[in-house]
Amino acid sequence: MCVQLDEREVPDNPFRPEMFRIIRRYPLTHDVNFYQARPADTDNAMFDYKPGQFVMMSVMGEGEAPFCISSTPSRPGMLEFCIRKMGTVTSTLFGLKENQTIGVRGPYGNGFPMDKMDGKDIMIVAGGMGAAPLRSLLLNVLDNRDKFGRLIYLHGAKAPGEMLFLDEFMQLRDRDDLDLLMSVDKDDTGKWPLKTGVVTTLFKDLGPIDAKNTYAAVCGPPIMYKFVMQEVVKLGIPKHQILMTLERRMKCGVGKCGHCAIEYLYTCIDGPVFSWWDVLRMKELIGRGASDQNIA
Ligand SMILES: Cc1cc2nc3c(=O)[nH]c(=O)nc-3n(C[C@H](O)[C@H](O)[C@H](O)COP(=O)(O)OP(=O)(O)OC[C@H]3O[C@@H](n4cnc5c(N)ncnc54)[C@H](O)[C@@H]3O)c2cc1C
Ligand code: FES
C-alpha cells in the first residue's frame, strides 16, 4: 500500500548539528584557542550536559571532530571549548572569528558520575590539554561547593606559556575552599612563581587525604597517566573512585560506526570517562597494559 507523505514518521536525524555562533574567542597558548558559543537561533533551547561530556563540532565543507565541553552546566546560556590546532578540522576552527557559526551536536558520552561524587572529597589532576574537560568539573564543584568535601586541583604544563587558563587559575588560588597547585616541567621564562617539576611533584604538598572518601579525576597526555596513577593508587583511593577521561579517534559519536571501539566498549558512549577499575580490566584503554606498569 502506498504510504501518504503526511502519515510517514520522519525520524529525528541524530547527525544533524545545531548552529552555534561564536561570541568570544581568544588564545590560551600559541596553539590553543578558547571559544564561547551559543545557539545561533536564540529560540533554540540550550542542551543540558554533564561535566566530562563532549560534542561533535563541524565546520561546513571541512568535517567534524569531537571536543569536550570546558564550561559548566551550572552557568547555562553558552558553551565553552578549548581547541588545539592539529589538522584539517581543528585548523579551520582555530581560524574562525567571533560572530561566525559552527555546527554542534551532542552532548555525548557518559560524563562524570556527579551523583556518586556528591558529598565526597574531589581531587582533580590535569596535564596540558587535560585541563579542557577538567575545568568543567572544577567549576561545577565550585558552583555547588556545599555539596562536596575537600577540593584539590593539581595542574601541570610543560612551560608557563603552555598552561591553559593560567590567569583564571591564578585567581582561584586565593579561595580558601580550594587547594589549587600548579607546576611546570621547565620554567623557560625565569619568572614562574610556583613549583617547577612534573605534576606528580605536587602530591608531596597535599597533606593527609581521606582516601576512602575521595574521588580522583585525571586527564592528560598518555605518559602522564602512568606516573599520576602510581601516586593516586599509593594514596589508597579505591579503584572505582579513580576516574580518567580518555581520547580515541571518533566519527559518529553515538555508538554506530565502531571507530572508537576497544574490545567490547565504545569510547563515545561507554566513555570518555572510565574508572581505573575499567582500565585494569581493559588493558588497551590507555595504550599499555596496566599490569605492565606495576600500578595495579
Ligand atoms: C572525546 C574527545 C574529546 C576531545 N576534546 C578535545 C578538546 O577539548 N580540545 C581539542 O583540541 N581536542 C580535543 N580532542 C581531540 C580532537 O578531536 C582532535 O584533535 C581532532 O579530531 C583532530 O581533527 P583534525 O581534523 O584537526 O585532525 P586530522 O587532520 O584528522 O589529524 C591531524 C593529526 O592529529 C592526529 N589525531 C587526530 N585526532 C586524534 C585523536 N583523537 N587522538 C590522537 N591523535 C589524533 C592524527 O593522527 C594526525 O596526526 C578530543 C577528542 C576526543 C575523542
Ligand atoms: S565514534 Fe562511532 S562508535 Fe564511537
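Further up the page is the structure itself.
Residues numbered from 1 in each chain as written. Chains lettered and ligands numbered in written order. Predicted model: local features only at pLDDT ≥ 70, side-chain atom pairs only at ≥ 80, totals over all residues. Heavy atoms only, no water.

A.B. asks: Describe the site of ligand 1, with residues and values.
C.D. replies: The local shell around ligand 1 holds 19 residues, among which P66, C82, R84, V89 and T90 are the closest. Within the backbone of C68, one N or O atom sits 3.1 Å away from a nitrogen atom of ligand 1. At a separation of 2.7 Å, a nitrogen atom of ligand 1 approaches a polar backbone atom of C82. Contributions of two or more residues to the shell around ligand 1 are made by strand 4 (63-68), strand 5 (79-84) and helix 1 (88-95). If one sorts the elements of the shell around ligand 1 by residue count, strand 4 sits on top with 4 residues. Classifying every residue of the shell around ligand 1 by side-chain character gives 12 nonpolar, 3 polar and 4 charged. (Near = heavy atom within 4 Å. Polar contact = N/O pair within 3.5 Å; in protein donor to acceptor, adjacent residues only side chain to side chain. Helix = DSSP H or I, 4+ residues; strand = E, 2+ residues; numbered from the N terminus. Nonpolar A, V, L, I, M, F, W, Y, C, P; charged D, E, K, R; others polar.)

A.B. asks: Before we move on, can you summarise the sheet that holds strand 9 (residues 179-184) with the specific residues and values?
C.D. replies: Overall, mixed pairing links the 7 strands, which are arranged 10-9-8-7-11-12-15 in an open sheet. Taken across any chain shown, the strands that pair with only one partner, and hence form the sheet edges, are strand 10 (195-196) and strand 15 (273-275). As defined by bridge partners, strand 8 (residues 151-157) adjoins strand 9 across 6 bridges and the pair is classed as parallel. Bridge assignment links I152 to a residue of strand 9, and that residue is D179. Relative to strand 7 (residues 121-127), helix 3 (residues 131-143) is tilted by about 155°, and along the sheet it contacts strand 7, strand 8, strand 11 (214-219) and strand 12 (242-245). Strands in contact with helix 5 (residues 222-235) are strand 7, strand 11 and strand 12; relative to strand 11, the strand with the most contacts, it is inclined by about 170°. (Pairing = 2+ DSSP bridges. Contact = heavy atoms within 4.5 Å. Axes fitted to C-alpha atoms, helices over the stretch in contact; angles between N-to-C directions.)

A.B. asks: Describe unusual backbone geometry, listing the residues and the values that go with them.
C.D. replies: With an omega of 0°, the peptide bond running from G106 to P107 counts as cis. Structurally, the position occupied by P107 is in strand 6 (residues 101-108). Going from G271 to P272, the amide bond is cis rather than trans, its omega being 10°. Notably, F165 is not glycine yet its phi reads approximately 60°, a positive angle. Within the fold, F165 resides in the loop between strand 8 and helix 4 (166-172). Here E263, not a glycine, exhibits a phi torsion of approximately 50°, which is positive. Looking at where E263 falls in the secondary structure, it is placed in the loop between strand 13 (261-262) and strand 14 (265-266). According to the relative accessible area criterion, E263 is partly exposed, its value standing at 48%. (Buried < 20%, exposed > 50% of the residue type's maximum accessible area, 1.4 Å probe, protein only.)

A.B. asks: Please set out the packing of aromatic side chains residue by residue, giving values where relevant.
C.D. replies: All chains considered together, the criterion is met by 5 aromatic pairs. Each ring, one from F54 and one from Y108, has its centre 6.0 Å from the other, and the planes form 55°; the classification is tilted. On the criterion of sequence distance, the pair formed by F54 in strand 3 (residues 54-59) and Y108 in strand 6 is long-range, its members being 54 residues apart. Members of the aromatic cluster, joined through ring pairs, are Y26, F34, Y153, F165 and F169. (Phe/Tyr/Trp six-rings, centres within 6.5 Å; stacked < 30°, edge-to-face > 60°.)

A.B. asks: So what about the environment of D167? Which residues, and what values?
C.D. replies: Within the element layout of this structure, D167 appears in helix 4. Judged by relative accessible area, D167 falls into the exposed class, the value being 61%. C-alpha separation for the pair D167 and F34, spaced 133 residues apart in sequence, amounts to 13 Å.

A.B. asks: Would you mind going over the pattern of salt bridges in detail, with residue names and values included?
C.D. replies: Side-chain pairs of opposite charge can arise where the charged atoms are in close proximity. Following the criterion strictly, the structure yields 11 salt bridges and no others. Overlapping salt bridges bring together E80, R135 and E168 as one network. (Salt bridge = Lys/Arg side-chain N within 4 Å of Asp/Glu carboxyl O.)

A.B. asks: Break down the state of the cysteines for me, with residues and values.
C.D. replies: For the structure on display, the rule yields 0 disulfides. The structure places no disulfide on C82, whose sulfur is separated from the nearest cysteine sulfur, that of C68, by 7.1 Å. (Disulfide = S-S within 2.5 Å.)

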